[in-house]
Amino acid sequence: MNFVFRTIITGCSFFLFYTISAQSILDEQVEKRLKTLTLEEKVGQMSQIDLGVLAVGKICEVADPIRLDTAKLRLAFQRYKVGSVLNCGCGFHALSRKRWLELIDSIQEANTRYTAHGIPVMYGIDAIHGANYTLGSTLFPQQIGQAATWNPDLVKAAARITAYETRASGIPWNFSPVLDIGRQPLWSRFFETYGEDVCLAKKMTNACISGYQGNNFGNEQVAACMKHFLGYSYPFSGKDRTPVWIGERELRAYFLPTFQEAIRLKAKTLMINSGELNGVPVHASYPILTTLLRDELGFEGVAVTDWEDVYKLHTTHKVAETLRDAVKMAVMAGIDMSMTPNDFQFNELLLDLVNSGEIPESRLDMSVRRILKLKMDLGLDNMANSKMQAGYPLFGSDSFARVAYNAVGESITLLKNEGDVLPLSPGTKVWVMGNATNSLNYLNGAWSQTWLGQDARFNEPNKMTILQALQAGYGKENVLEVTPQFARKAKRFPGAVLYCLGETPATEIPGNIDDLAITIPEEDRKALESLKARKVPVILVLLLGRPRIITDLDKLSRAVVHAYIPGQEGAKPLADLLYGKINPSGRLPFTYPRSSGDIVHYDHKRTEDNDINFGSSGYNPLYDFGHGLSYTRFDYWGMSVKPVNDTFVIQVLVRNTGSIEGKEVVQVYYRDEYAPVTPAQKKLCAFAKINLKPGQDAAVNLKVPFSDVGDIGADMKPFKASGTIVFRAGHQTVTLNHKP
Ligand code: BGC
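Residues numbered from 1 in each chain as written. Predicted model: local features only at pLDDT ≥ 70, side-chain atom pairs only at ≥ 80, totals over all residues. Heavy atoms only, no water.

1. Focus on the pattern of salt bridges
Part 1 of the argument: Counted according to the given criterion, the structure contains 42 salt bridges.
Part 2 of the argument: Ionic pairing is found between Lys 416 and Glu 418, a salt bridge with its closest N-O pair at 3.5 Å.
Part 3 of the argument: Residue Asp 420 pairs with Arg 633 through a salt bridge whose shortest N-O separation is 3.6 Å. With Asp 420 in the loop between β13 (413–417) and β14 (430–433) and Arg 633 in the loop between α22 (571–578) and β19 (634–644), the pair connects residues that are 213 residues apart, well separated along the chain.
Part 4 of the argument: Judged by relative accessible area, Arg 633 falls into the partly exposed class, the value being 45%.
Part 5 of the argument: Residues joined by salt bridges that share partners form a network here, namely Asp 240, Arg 241, Asp 306 and Glu 508. (Salt bridge = Lys/Arg side-chain N within 4 Å of Asp/Glu carboxyl O. Helix = DSSP H or I, 4+ residues; strand = E, 2+ residues; numbered from the N terminus. Buried < 20%, exposed > 50% of the residue type's maximum accessible area, 1.4 Å probe, protein only.)

2. Re the state of the cysteines
Part 1 of the argument: Per the counting criterion, the structure on display carries 0 disulfides.
Part 2 of the argument: The structure places no disulfide on Cys 685, whose sulfur is separated from the nearest cysteine sulfur, that of Cys 199, by 6.7 Å.
Part 3 of the argument: The exposure class of Cys 685 is buried, given its relative accessible area of 5%. (Disulfide = S-S within 2.5 Å.)

3. Notes on empty space enclosed by the protein
Part 1 of the argument: Throughout the structure, instances matching the rule amount to 8 cavities of 30 Å³ or more.
Part 2 of the argument: Empty space within the largest cavity amounts to approximately 140 Å³.
Part 3 of the argument: Together, 18 residues line the largest cavity, and Glu 503, Thr 504, Pro 505, Ala 506 and Ile 565 are the ones closest to its centre.
Part 4 of the argument: Of the residues that constitute the lining of the largest cavity, the class distribution is 10 nonpolar, 6 polar and 2 charged.
Part 5 of the argument: Three or more residues apiece are contributed to the lining of the largest cavity by two domains, here domain 1 (125–388) and domain 2 (408–609).
Part 6 of the argument: Computed from the structure, the second largest cavity encloses a volume of approximately 110 Å³. (1 Å grid on protein atoms, 1.4 Å probe; cavity = no way out; pocket = protein on both sides within 12 Å on 5 of 7 lines; lining within 4 Å. Points joined across faces, edges and corners; volume = space filled by probe spheres on them. Nonpolar A, V, L, I, M, F, W, Y, C, P; charged D, E, K, R; others polar. Domains from an automatic or database assignment.)

4. Some words on the packing of helix α16 (residues 398–411) against α22
Part 1 of the argument: Put simply, α16 and α22 touch, their axes get as near as 8 Å, and they point 45° apart. Classed by the angle they form, the pair α16 and α22 counts as oblique. The handedness of the crossing between α16 and α22 is right-handed. Judged by residue contacts, Tyr 405, Val 408 and Gly 409 of α16 engage Lys 572, Pro 573, Asp 576 and Leu 577 from α22.
Part 2 of the argument: A class-by-class count of the residues in the contact of α16 with α22 yields 4 nonpolar, 1 polar and 2 charged. (Axes fitted to C-alpha atoms, helices over the stretch in contact; angles between N-to-C directions. Parallel < 35°, antiparallel > 145°, perpendicular 65-115°, else oblique. Left-handed = near helix turned anticlockwise from the far one by under 90°. Contact = heavy atoms within 4.5 Å.)

5. Examining the layout of surface pockets
Part 1 of the argument: Of the voids in this model, the second largest pocket is the one considered here, and its volume is about 880 Å³.
Part 2 of the argument: Forming the walls of the second largest pocket are 37 residues, and the residues nearest its centre are Val 198, Lys 202, Pro 257, Ser 707 and Asp 708.
Part 3 of the argument: Among the elements of the structure, α6 (152–167), α7 (198–213), α8 (248–255), α9 (257–264), β22 (683–692), β23 (697–705), β24 (710–712) and β25 (718–720) are those that each provide at least two residues to the lining of the second largest pocket.
Part 4 of the argument: A total of 6 residues in the lining of the second largest pocket trace back to one element, the largest contributor, which is α7.
Part 5 of the argument: In this structure, the lining of the second largest pocket is formed jointly by two domains, domain 1 (125–388) and domain 3 (634–738), each of which donates at least three residues.

6. Comments concerning the sheet that holds β14
In sheet architecture, strand pairing relies on hydrogen bonds along the backbone and comes in two forms, parallel and antiparallel.
Part 1 of the argument: Spatial ordering of the open sheet is given by β13-β18-β17-β16-β14-β15, a layout of 6 strands whose pairing is mixed. A strand with exactly one partner marks an edge of an open sheet, and here the two such strands are β13 and β15 (479–481). Within this sheet the neighbouring strands show an average axis-to-axis angle of 20°, counted without direction.
Part 2 of the argument: Two strands pair when backbone bridges link them, and strand β16 (residues 496–502) and strand β17 (residues 538–543) are joined in this way by 6 bridges, in the parallel orientation. Paired with Gly 502 across the strands is Leu 543, a residue of β17.
Part 3 of the argument: In this fold α22 packs onto β16, β17 and β18 (559–562), with an angle of close to 155° to the strand it touches most, β18. (Pairing = 2+ DSSP bridges.)

7. What about the packing of aromatic side chains?
Part 1 of the argument: For the structure on display, the rule yields 24 aromatic pairs.
Part 2 of the argument: Consider the rings of Trp 173 and Phe 175, whose centres lie 5.0 Å apart with planes at 75°: the pair is edge-to-face. Both residues of the pair, Trp 173 and Phe 175, count as buried.
Part 3 of the argument: Summarising the aromatic geometry, the rings of Tyr 474 and Tyr 579 are spaced 4.0 Å apart at their centres and angled 5° between planes, so their arrangement reads as stacked. With a gap of 105 residues between them, Tyr 474 in helix α18 (residues 466–474) and Tyr 579 in the loop between α22 and β19 connect regions that are remote in the sequence. The same class applies to Tyr 474 as to Tyr 579, namely buried.
Part 4 of the argument: Through a chain of ring-to-ring contacts, the aromatic side chains of Trp 150, Tyr 602, Phe 625, Tyr 669 and Phe 687 assemble into a single cluster.
Part 5 of the argument: In this structure, Arg 97 packs its charged tip against the face of Phe 395, placed 5.6 Å from the ring centre.
Part 6 of the argument: The side chain of Lys 682 reaches across the aromatic face of Tyr 669, ending 4.5 Å from its centre. (Phe/Tyr/Trp six-rings, centres within 6.5 Å; stacked < 30°, edge-to-face > 60°. Lys NZ or Arg CZ within 6 Å of the ring centre and 35° of its normal.)

8. Quick look at the site of the ligand
Part 1 of the argument: Taken together, Leu 86, Asp 126, Phe 175, Arg 189, Lys 227, His 228, Arg 241, Met 271, Asp 306, Trp 307, Met 339 and Glu 508 make up the full set of residues near the ligand.
Part 2 of the argument: Measuring from an oxygen atom of the ligand, one finds a side-chain N or O atom of Lys 227 at 3.0 Å.
Part 3 of the argument: Here an oxygen atom of the ligand and a side-chain polar atom of Arg 241 are 2.9 Å apart.
Part 4 of the argument: Alone, the ligand offers 310 Å² of accessible surface; in the complex the protein occludes 95% of this.
Part 5 of the argument: Looking at side-chain class alone, the shell around the ligand contains 5 nonpolar, 1 polar and 6 charged residues. (Near = heavy atom within 4 Å. Polar contact = N/O pair within 3.5 Å; in protein donor to acceptor, adjacent residues only side chain to side chain. Areas by Shrake-Rupley, 256 points an atom, 1.4 Å probe, with all protein chains shown as cover.)

9. Considerations on the domain arrangement of the chain
Part 1 of the argument: Taken as a whole, the chain is organised into domain 1 (125–388), domain 2 (408–609) and domain 3 (634–738).
Part 2 of the argument: One C-alpha centre belongs to domain 1, the other to domain 3, and the line joining them spans 32 Å.
Part 3 of the argument: With 14 residues of domain 1 in contact, the opposing surface of domain 3 contributes 16 residues.
Part 4 of the argument: It is Trp 150, Cys 199 and Arg 249 that lose the most area in domain 1 upon contact with domain 3, and together they represent 53% of the buried surface on that side.
Part 5 of the argument: Where domain 1 packs against domain 3, one counts 1 salt bridge.
Part 6 of the argument: Between Arg 249 and Asp 711 there is a salt bridge, and its shortest N-O distance comes to 3.3 Å.
Part 7 of the argument: The interface formed by domain 1 and domain 3 contains 3 residue pairs in polar contact (both at pLDDT 80 or more).
Part 8 of the argument: For the side of domain 1 that touches domain 3, the secondary structure elements donating two or more residues are α7 and α8.
Part 9 of the argument: Here the side of domain 1 that touches domain 3 gets 5 residues from one element, more than from any other, and that element is α8.
Part 10 of the argument: Partitioning the side of domain 1 that touches domain 3 into residue classes produces 6 nonpolar, 2 polar and 6 charged. (Buried area = accessible area lost by both parts, 1.4 Å probe.)

Structure, rendered in structure tokens:
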């Protein structure tokens, strides 16, 4: 016993020693390299340009196929010594893996030819739901769908594959995940979040960062970039990059924890929020970018700006009178790298600011140190892309597609199933209608082959739309696409009608909306009404990235199936779920509002329960957070909660009482009855996804540290819940009188 103990200690301390010494060797190398750099080279390392700046053609109108322009390469690397390049924003589309490797090789070659320092260029891309800018890659559900799986293992597997396929394309840095909490459904980028809940989003953050970065960095991992620090997702108007007002307490309670988790896991990079927070553009905020991020949270990685955001301090936010002031503000606030991205004014201005003594060179050294360290960590020195082409045998493989299939299958959420109209039995005749019936773009959403994901010319040719998947899997003779006119005039009807409703893919400014209401063509509505009148079951299939109001459509439908934005592998699992090959197990990662004026989160306060009659039915969503049905049923019993050594040890027994195998998401909520700041009516503190055969039982054990059950006080410090705390799982509750 003693021996084992000592061995472990020795093993640990050896490991610690090894890690520390490897770390200090790296630090030494970084210092050595830093000393050899000229001021221009340091400024260059701190700048990032768009691929379009290096390509033949104008910005946003690059020649297709994309080609690099020698004069532009020379300007970027010889004159400005730029250290990083990112994927084209506008006017660009996915490339083959081979083309990516060639392009990045040519960029590295030009960098080696034209610069004396030989520090490799670091390429960054938005591979946000798979390597979505590489043809033939595996696409997964957008983040909101990944959250709906409530299965961190799947999210981690998807992130691992994304990292592998991004690296297989020669790219080591991924601008993902979005760690902004999704509590403003009007916001166009809601679909890029893990939803409204802190506990769920933190678990998904952990899974994603671990999947991207792994334990040891190698050629199959990418540097993660948590974004957008801080408070980006909560614009008051809902419109992207417009003012956000969040008090410090709320910031710490809702918006910070995902970033804290990623920093704990040593996420290597972070992107800054483009917008303003409480009147101050975050790119100009020393308190956020240095006091909070560095001094308090201890982030040691690289902080990159978002698109053109240094200049925007002058051009848009109007807090800097000149571009020069803007550069000074952002650098002194704490940015490390400027996603400039379309010119070299940042480089010229920063150089001038240091030469004139307005910014000390030591300030640049802090950032360049971080950037050099990242480049070494990523092993960029040893990356010869052309040689890597033969590697990565699993790129775009069936085994990866299988993971995407499972991720979609576990994300789809059955919101309603009146009279068990689903699953359809094989052979059931169905009609399919609605705008998403035959569209890959609606399955994929934005950031898929193109930035906005709207251009069908770049869709993968061999992927199936919903109609195609239904016909391939369940018989062309059984599945018919119909027009609303046909549906209205028909005399004979099928077993069910699938109404597939999607939203035009969009993100950032082009995705703004004014209202959560969604309108469908009048003809469609009339057809759905007449089908209902004739008692033909309508199944509403949603491909929406944010909760658009569907209350009237819900009334016309016997079943509602939410598929989020599942990606191009999504149609097959959707078809299989409708026909019962997959038992639904997705759960809502957000509260589904009943009307546009009804945006109340599940973890709302007691006052939000008040109704106009001073009753307590004010919280009345169409579907609650965490909701999702199955084709089987689960019973809960025997719940216990025991405080043991600073941890709540929770047990609940669950049985599959139905007749088919299924997955259940066991969700544990708590309510702190009285607290120093108004407590939430309920709050998720733990969950587990389990699989049970018919009749099978499971004892689900969960451990929740006391520190995860509490809130942020008025003094901005976390406090632990105490006194009466009610825990709930399913219909089981346990009340504790707790003294932490
Ligand atoms: C977006 C970021 C993205 C960046 C690079 C910006 O406009 O806000 O999320 O990573 O562009 O494409």
